[in-house]
Amino acid sequence: YKPETPKSGNVASQHPAAQAGEKRPLPRPVGGTADIIAGYDAVVFGISKDVFVRMPEVIEWTSAVDNLQLKVKDEVRTGAGKVKIKLRGRGELRLPPDSHFVLAAMDEKAEKVTVELKSGRIWNNITPGSGLIDYTVKTPDLVAGVRGSPASAFGHLPRWESACLC
C-alpha cells in the first residue's frame, strides 16, 4: 500500500484553492473538548505535528485539529505526527507517525466496531461499556478481534509482525 499523498507537509495547502489564498473550512465540527458530539462516532485529540483527515464527501486530505469530530468511513493519517482517537463509548486508539487508519464500521450502540489499519501501527484500548462488544481490527493481511471483555491490542504493518490481544 502506498499513501496517496506525502507523509508530511500540509496537504490541505497543496490544493489549488488553498494556493489561491482561500481558507478551506473543516468538513466536520470541532468541539470545545475531547468529548464526542451527538451524531458523531469519534473525536481526534492529542495531535502532535502532521496529522490529516479525509472524509468520504471530501477528496482532499485536510490538516486535523484537536477535538475534530469523526464519522464512520472517515480516515486519519499521520505524517511525522501522532494522534489519539476516542471512540464513542469504547475507549481510544493511538496512531504513531506514518500510520493510516479508517473507522470502517460502528453500529448505533457502538457494540460492533471495525477499524481498518491501512498502513503503519495502531494501539487500541477498548472497554466494554454497558454491554458486550465485538471489536475488530482489519489490516491487509490479518483480522484480529475481541468479543466481550476489555482489551488492548497493538500491532504494525507491513506484516502484522507483532500483535497482542490482552
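Residues numbered from 1 in each chain as written. Predicted model: local features only at pLDDT ≥ 70, side-chain atom pairs only at ≥ 80, totals over all residues. Heavy atoms only, no water.

Caption draft 1: Quick look at the pairing of strand 8 (residues 100-106). Within strand 8, six of the seven residues are buried, leaving the element largely enclosed by the surrounding structure. Here strand 5 (residues 75-78) runs beside strand 8; their pairing, made up of three bridges, is antiparallel. The partner of arginine 77 across the bridge, within strand 8, is histidine 100. Strand direction decides the pairing type here: strand 8 and strand 9 (residues 112-119), joined by six bridges, are antiparallel. The residue of strand 9 that forms the bridge with methionine 106 is valine 113. A loop of five residues connects strand 8 with strand 9, the two strands running antiparallel in sequence, and alanine 110 in this loop sits at a positive phi of about 60°. (Buried < 20%, exposed > 50% of the residue type's maximum accessible area, 1.4 Å probe, protein only. Helix = DSSP H or I, 4+ residues; strand = E, 2+ residues; numbered from the N terminus. Pairing = 2+ DSSP bridges.)

Caption draft 2: Structural view of unusual backbone geometry. A positive phi angle, near 65°, is found at lysine 49, a position not held by glycine. Position of lysine 49 among the secondary structure elements: in the loop between strand 1 (42-48) and strand 2 (51-54). Classification of lysine 49 as exposed rests on a relative accessible area of 66%. One non-glycine residue with positive phi stands out, namely aspartate 98, at about 60°. Looking at the secondary structure, you find aspartate 98 in the loop between strand 7 (91-95) and strand 8. You can call aspartate 98 partly exposed: its relative accessible area is 36%.

Scope: geometric values only; no functional claims are made or implied.
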